[in-house]
Amino acid sequence: MNRNDSCRDREISETDRSRRAFLASVATAMGAVSLAPGIFLMSVGHEVAAADEGVRRASASVRWGLLIDATRCRADCDACVLACHQENGLPLPQSSADVRWIRKVTLRDPKSGAERSFPAMCMHCAHPPCVDVCPTGASFKRADGIVLVNRHTCIGCRYCVMACPYKARNFVHAPVTTQKPEVPRGMGCAEGCTLCVHRVDQGKEPACVAACPTGALLFGDLNDPHSAIAQRVRELNARPLRSDLKLDPGVRFFGV
Amino acid sequence: MVARSRWHHAALLRRWRAWLVTLCALTIAVVALAGGPPQVTVYPERGPCLADAATMRRDHPKMLHEQKHRTVVLGERGARVQLAQCVSCHAGAQSHSVVASERDFCRACHDYVAVKLDCFHCHQGTLGTQSAWRSGEGR
């Protein structure tokens, strides 16, 4: 049982429990019949916390993930990168010291000259090394599988930056003044792709997914066997990068 | 001679004590009249606060500390306590900020009570600030 569950158990009465069960079944039914992805994500992805109506929490029944289809990704396109920077108020990267939460990677086979291009970001591992090495518990995995830095407890030691095999963590070296109100960030902390947690919690998909012109990116709940992403992952047998590390990433790739 | 001098000293001391007490009383009175919490500008037309002013003065650190855990770790959204909302109600009419100028809401009081406020290194304390990227001045 995780922390989230035990916390809820203390707070809710039996009546609340049955009411919540009823609400959940209604919500699931609505999600199942609805074609609008937003409503579907929201009803499944969040549980209504009993303490305060209208306040929802991340739910452990969900595992958010991404499917990246490299066969649909164009080498000359960086729409996802631009969308990420715009959504999260990041300056456009100019030098190698600049923050990147998502980057385009190009692989080239020297023999055939064939190239593959695809975006890479935090893989939101089920067993994240960045969480293992963090001395303050600031690097953590949310109930729904999103791996984040709690910047209120981050001391900027950068262990996570070194531990991540995907090089997905950044360090903020310079003062920041142009944050967007919904994405606070500042000097002295490690940070990385949040899977646009502020959008996902509102039932939207991450900005990179919304911006992709070719449909190479797919976002959804890997735990739900009927979700578009789970079906597609099965269909394509989409695997994570470096699956030999057995970190069980939530981001999966096809055609890499 | 010796006795008189001793008496003299005691009287002097008594008189000094009286002076000291008066001085203290005066200082306290002056501080009570002129000091107290600094005058912060509030804008009731933007809506009521989360609680009455006395409660807010006492409890706002606790409210914010508790909520940051609940939002970031538990993923609570739509909470009552949100820094962005403090900013939208309490930003100064001219500065559009709670921390930019010495008279801005959070800063005015925090400077006075000498409690360092580092939240706005990360949280946007000024309304309508665009990201550098959008305004085209990105590094």
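On a predicted model such as this, the values are computed, not experimentally measured, just so you know.

Rules used throughout
- Residues numbered from 1 in each chain as written.
- Chains lettered and ligands numbered in written order.
- Predicted model: local features only at pLDDT ≥ 70, side-chain atom pairs only at ≥ 80, totals over all residues.
- Heavy atoms only, no water.
- Helix = DSSP H or I, 4+ residues; strand = E, 2+ residues; numbered from the N terminus.
- Buried < 20%, exposed > 50% of the residue type's maximum accessible area, 1.4 Å probe, protein only.
- Contact = heavy atoms within 4.5 Å.
- Areas by Shrake-Rupley, 256 points an atom, 1.4 Å probe, with all protein chains shown as cover.
- 1 Å grid on protein atoms, 1.4 Å probe; cavity = no way out; pocket = protein on both sides within 12 Å on 5 of 7 lines; lining within 4 Å.
- Points joined across faces, edges and corners; volume = space filled by probe spheres on them.
- Pairing = 2+ DSSP bridges.
- Patch = residues over 30% accessible without salt bridge, like charges linked within 9 Å, V, L, I, M, F, W, Y side chains within 5 Å.
- Salt bridge = Lys/Arg side-chain N within 4 Å of Asp/Glu carboxyl O.
- Expected span 1.5 Å × (residues − 1).
- Bend = angle between axes of the 7 residues up to and from the residue.

Draft legend 1. Local environment of the overall build of chain A. Each helix and strand counted, chain A has 9 helices and 11 strands in total. Counting only residues that meet the buried cut, chain A has 47% of its 256 residues in that class. Nonlocal contacts in chain A, meaning residues at least 24 apart in sequence, comprise 57% of its contacts between residues at least 6 apart. Of the roughly 12,300 Å² of accessible surface on chain A, 56% is carried by carbon and sulfur atoms.

Draft legend 2. Highlighting empty space enclosed by the protein. Residue and element names in this part refer to chain A. Following the criterion strictly, the structure yields 6 cavities of 30 Å³ or more and no others. The computed volume of the largest cavity comes to approximately 110 Å³. Lining the largest cavity, in full, are Cys-84, Asn-88, Trp-101, Ile-102, Met-121, Cys-193, Thr-194, Leu-195, Cys-196, Pro-206, Ala-207 and Cys-208.

Draft legend 3. The arrangement of the pairing of strand 3 (residues 64–69) of chain A in detail. Residue and element names in this part refer to chain A. The buried fraction of strand 3 is high, at 6 of 6 residues. Burial along strand 3 is two-sided: Trp-64, Leu-66 and Ile-68 and Gly-65, Leu-67 and Asp-69, pointing in opposite directions, are all buried. Bridging between strand 3 and strand 10 (residues 217–221) involves 5 bridges; their strand directions are antiparallel. Residue pairing across strands places Leu-66 opposite Phe-219, the latter belonging to strand 10. Bridge count between strand 3 and strand 11 (residues 251–254): 4 bridges; the pairing is parallel. Counted as the bridge partner of Ile-68 is Phe-253 from strand 11.

Draft legend 4. A look at a nonpolar patch on the surface. A cluster of nonpolar residues, Tyr112(B), Val113(B) and Val115(B), forms a patch on the protein surface that exposes about 280 Å² of accessible area. Of note, Tyr112(B) is situated in helix 4 (residues 105–113).

Draft legend 5. Focus on unusual backbone geometry. All names here are of chain A. Of note, the phi angle at Lys-167 is positive, near 55°, even though the residue is not glycine. For Lys-167, a relative accessible area of 66% corresponds to the exposed category. Positive phi, normally seen in glycine, also occurs at Asn-237, with a value near 50°. Along the chain, Asn-237 falls in the loop between helix 9 (228–236) and strand 11. Judged by its relative accessible area of 55%, Asn-237 falls in the exposed class.

Draft legend 6. A look at the pattern of salt bridges. Scanning all chains against the criterion turns up 19 salt bridges over all chains. Salt-bridge contacts for Asp244(A) lead to Arg242(A); the nearest nitrogen and oxygen are separated by 3.0 Å. The exposure class assigned to Arg242(A) is partly exposed, which follows from its relative accessible area of 48%. Three or more residues joined by partner-sharing salt bridges are found here, namely Arg142(A), Asp144(A), Asp201(A) and Arg77(B).

Draft legend 7. Main features of helix 2 (residues 53–72) of chain B. Residue and element names in this part refer to chain B. The end-to-end C-alpha separation of helix 2 is 27 Å, in line with the 28 Å expected for 20 residues at 1.5 Å each. Largest kink in helix 2: about 60°, centred on Asp-59, with the proline Pro-61 one to four residues after it. Of all the positions in helix 2, only Met-56, Met-63, Gln-67 and Thr-71 are classed as buried.

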